[in-house]
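# Remarks on the overall topology
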Number of protein chains: 2
Amino acid sequence: MSPEEFRAFGRQVVDWIADYYAGVEKHPVRSQVRPGEVRSQLPAHPPEQGEPFERVLSDLDAVLMPGVTHWQHPNFFAYFPANATGPSILGDLLSSGLGVQGMVWATSPACTELETVVVDWMAELLGLPEHFRTDAVGGGVIQDSASSAALVACLAALQRVSDGQVASRGITRRHTLYVSAHTHSSLERAARMVGIGADNVRIVDVDPDSLGMDPKHLDALIAEDLAAGAVPTLVCATIGTTSTTAIDPVREVGGVCRARGVWLHVDAAYAGVAAVCPELRWINDGVAEFADSYCTNAHKWLLTNFDCSLLWMADRRSMIDALSILPEYLRNPATASGEVIDYRDWQVPLGRRFRALKLWSVLRWYGAEGLREHIRTTVGLAQEFAGWVRDDPRFELLEPHPLGLVCFRPLFPELSTGDANDRVYRLMESLNESGELYLTHTKVGGRTLLRLAVGSPQTERRHVLAAWKRIQEAVG
Amino acid sequence: MSPEEFRAFGRQVVDWIADYYAGVEKHPVRSQVRPGEVRSQLPAHPPEQGEPFERVLSDLDAVLMPGVTHWQHPNFFAYFPANATGPSILGDLLSSGLGVQGMVWATSPACTELETVVVDWMAELLGLPEHFRTDAVGGGVIQDSASSAALVACLAALQRVSDGQVASRGITRRHTLYVSAHTHSSLERAARMVGIGADNVRIVDVDPDSLGMDPKHLDALIAEDLAAGAVPTLVCATIGTTSTTAIDPVREVGGVCRARGVWLHVDAAYAGVAAVCPELRWINDGVAEFADSYCTNAHKWLLTNFDCSLLWMADRRSMIDALSILPEYLRNPATASGEVIDYRDWQVPLGRRFRALKLWSVLRWYGAEGLREHIRTTVGLAQEFAGWVRDDPRFELLEPHPLGLVCFRPLFPELSTGDANDRVYRLMESLNESGELYLTHTKVGGRTLLRLAVGSPQTERRHVLAAWKRIQEAVG
């Protein structure tokens, strides 16, 4: 494709996306297709001859779009938001266009240095501690996801606790990892991937009201494991659980970790970015003093499209020691000088895209003010929704709900818990099948709850209100 | 950013990229900046107020571009190619624009189903075996990189060899992994990450001429490890090593693996895509019969921008069993039905972009014919270059060089091996510093070799010829 063809088709694609956002509300939020429906409309064999680019766009409309669930739809209240925004899309486009591979500094210095700048900017914007900055002993890096960040944190923790023995000799002792029942499944998955094993993931009790991890039970479990000869390796405290945005008491959990010499990873994948607002910075209480690693996703709620997960280390050495290998074909004078960062040593893959461009573009377009306004607006809408739920006696509201997620349930007082759970799930499915809105669910204390997450820049008050009316109607 | 603003700025970005490709030759290939030079020109603090998008573009030109190494430059002969092309960039743009998150089928069915279609298409285009297809027991998936693919293969191998015990109880025995000195460093890295440990990575001898793995030595090492009570877990055979594109004898290595019950992972990250050309399909000899997993990168030589690494499994069950966890908030009727694929169980992260769009766009724009032409053209240029080297008595040419990479060295017969190595490295550095071309190096048998990889659609015969003239001049 020549530059002039690219110019012409590129404009068509830009127009397609602009039109998509202008008209996104006309689509059902959740795709209505059945399994196999999209695939059955695509050719079984690849084309032998090249085709005009227009055919890609016409098949996108005719075949693929019915199979798309619209994460950017204003009525998408499912999971957590995955914001895509203009400046982010364009930053990503520049990254694709430049096509650089930033595995080491030398393969594109700007890719590395802009990343250092934007993660340091983010640390400042979120009020994270000075020692997370790259000029100190810490440092931040863009990962693809909080799952990969958790994996990197586990590897750094194993490196530190074993003094490098795990990297060289492998796992030779029983290592243990600590989560609550509300910790994201990526931690158990990381434990499986690094060779700790799911059976060695210990489930710490939570406070029945706050759903936060119980530091006393954590300490008791660690003591028990130590007595049994295991090596307590990592505790994950969550700021804003996926299920309900519960917040573990990081300060108290951190105190236990410090006393016991266990790595504290803080998973603030969804909620951490809320700290751009000073009035929400309390969520990070204890992080500065106790976190060995900290993760939050710009690609959820902070207007930057997937993938852009931010991972900071309080001290980067364990991570680099765990992940660094230098084969001959990657040797270069800049790496040898020790004056540069090679982010390949900070992540699972070797190759890396120029992801900093999209975050840079977002930070400059919105400015700190714009980011705060987005968080405040969406938190405000969620709080207003929570008020409506609280005021309707047919519903139960789960407290607290300090951020953009509200968990609630129709009461169905005439039904047993099991039957009520089924009814709530079916009600949600019928709402989702309508295409008018998209909710997901969770279970807390054996009861099925609906989750409504507000976080899209497309979502206005009228959308949240319409969703509430629709939910009320469905309950009848 | 409103849809209309996006339309306007989007056109500016598209024009910027079109102009970039039209004028890419005016840039020095390798960035000339010193460590810290880019960073020092960027503000230390993030902007408080939002800025006009034009400022992102003007700073891109003024501050970032001098720090960019141009992987899409026709004189980029370093590492392996990392092709970005118009249809690929536009497919990626559509993915960013739609902003869907394809972690499970239900979160965007088209994201999953198009991926299934394009990886099956790729299996057909490369002549890979029927059992790699998704409708059989195997299946392909797009990963971010061959490193992550190797990690997934290791986890699947551990799952199979331990009958699931590693996932539940962690590593409790000594597992061993087999590579040659020419295997990519990502395999040792994967062994470290999964808890096998670097010390348990066994280095199999290579044939001194072909640099391919010695199956007899492999068998002897496995026997030795078994006798010592270890659990031989995975052998990595490489088709096209990073150093020299050497090819391990997959059929013979596979025979050993089959007899010993060890997982065979085939890393064809760079070379595998060459099999779009029937006359190059010999490189995959033995894969159909013996490979448990197979990886090749569309994002190197196949006109698709990073990241787009293709991983196939001969039998997907071990991988899914190793990686699957189903928390409540990801339960949905489609997953429960068992009728759909949830690719989150096929990879390290949970979240995933709609990466199939860019590969689909590339396959349709070029067609099988266009892909073959690209491979043939670039192999042809590399072979012509090799001929020039062979005909110049001042140079030594490393044989064989069947693909797009040529390894060679100026002889400097008057110097000792060590001094000649230094001289070759300095010569490369001076060429790279000139900005006129970009080469990398490797070491084989103690001797430093230059690597010239031809693979960009921008590279024409005149560029390769100019590079050769420049190298000849430098040798003097």
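Cut-offs used in this document
- Residues numbered from 1 in each chain as written.
- Chains lettered and ligands numbered in written order.
- Predicted model: local features only at pLDDT ≥ 70, side-chain atom pairs only at ≥ 80, totals over all residues.
- Heavy atoms only, no water.
- Least-squares fit on C-alpha atoms with pLDDT ≥ 70 in both.
- UniProt positions renumbered as here; feature names shortened; annotations may be inferred.
- Helix = DSSP H or I, 4+ residues; strand = E, 2+ residues; numbered from the N terminus.
- Contact = heavy atoms within 4.5 Å.
- Axes fitted to C-alpha atoms, helices over the stretch in contact; angles between N-to-C directions.
- Parallel < 35°, antiparallel > 145°, perpendicular 65-115°, else oblique.
- Left-handed = near helix turned anticlockwise from the far one by under 90°.
- Nonpolar A, V, L, I, M, F, W, Y, C, P; charged D, E, K, R; others polar.
- Pairing = 2+ DSSP bridges.
- Phe/Tyr/Trp six-rings, centres within 6.5 Å; stacked < 30°, edge-to-face > 60°.
- Buried < 20%, exposed > 50% of the residue type's maximum accessible area, 1.4 Å probe, protein only.

Okay, the relation of the copies chain A and chain B next. Each copy of the chain is related to the other by a rotation around an axis and a translation along that axis. When chain A is fitted onto chain B, the two copies agree to an RMSD of 0.0 Å after a turn of 180° and an axial shift of 0.0 Å. The symmetry that links the two subunits is that of a two-fold axis. Taking the C-alpha atom as reference, chain A places valine 194 of chain A closest to the rotation axis, 2.1 Å from it.

Bringing the UniProt feature "modified residue: N6-(pyridoxal phosphate)lysine" (unreviewed entry) in chain A into the picture now. Residue and element names in this part refer to chain A. Residues given the UniProt feature "modified residue: N6-(pyridoxal phosphate)lysine" (unreviewed entry) here are Lys300. Mapped onto the elements of the fold, lysine 300 is located in helix 12 (residues 298-301). Beyond its immediate sequence surroundings of up to four residues, lysine 300 is in contact with Phe80, Pro81, Ala82, Asn83, Ala269 and Tyr270.

Packing of helix 3 (residues 53-64) of chain A against helix 4 (residues 86-98) of chain B leaves a shortest axis separation of 12 Å and a crossing angle of 20°. In this view, helix 3 of chain A runs roughly parallel relative to helix 4 of chain B, as classed from their interaxial angle. Helix 3 of chain A and helix 4 of chain B meet at a crossing whose hand is right-handed. Residues Phe53, Leu57 and Leu60 of chain A of helix 3 of chain A touch helix 4 of chain B, and the partners they reach there are Pro87, Leu90, Leu94 and Leu98 of chain B. Counted by class, the contact of helix 3 of chain A with helix 4 of chain B contains seven nonpolar, no polar and no charged residues.

Further remarks concern the sheet that holds strand 10 (residues 440-444) of chain B. Residue and element names in this part refer to chain B. Pairing in this open sheet of four strands is antiparallel, and the strands run 8-9-11-10 from one edge to the other. Edge positions in the open sheet fall to strand 8 (395-397) and strand 10, since each of these has one partner strand only. Taken over all neighbouring pairs, the strand axes of this sheet differ in orientation by 40° on average, direction set aside. In the sheet, strand 10 pairs with strand 11 (residues 447-453) via five bridges, with the strands oriented antiparallel. Of the residues in strand 11, the one forming a bridge with valine 444 is arginine 447.

A separate point is the packing of aromatic side chains. Two aromatic rings, taken as a pair, are described by how far apart their centres are and by the angle between their planes. Inspection of every chain in the model, using the stated rule, returns 36 aromatic pairs over all chains. Taking 4.9 Å as the distance between ring centres and 55° as the angle between the ring planes, the aromatic pair formed by phenylalanine 395 of chain A and tryptophan 468 of chain A counts as tilted. You can see phenylalanine 395 of chain A sitting in strand 8 (residues 395-397) and its partner tryptophan 468 of chain A sitting in helix 17 (residues 461-475), a full 73 residues away along the chain. Residue class for phenylalanine 395 of chain A comes out buried when judged on its relative accessible area of 6%. On the basis of relative accessible area, tryptophan 468 of chain A is assigned to the buried category, the value being 4%. For the pair phenylalanine 385 of chain B and phenylalanine 408 of chain B, a centre-to-centre distance of 5.3 Å together with 70° between the ring planes defines the contact as edge-to-face.

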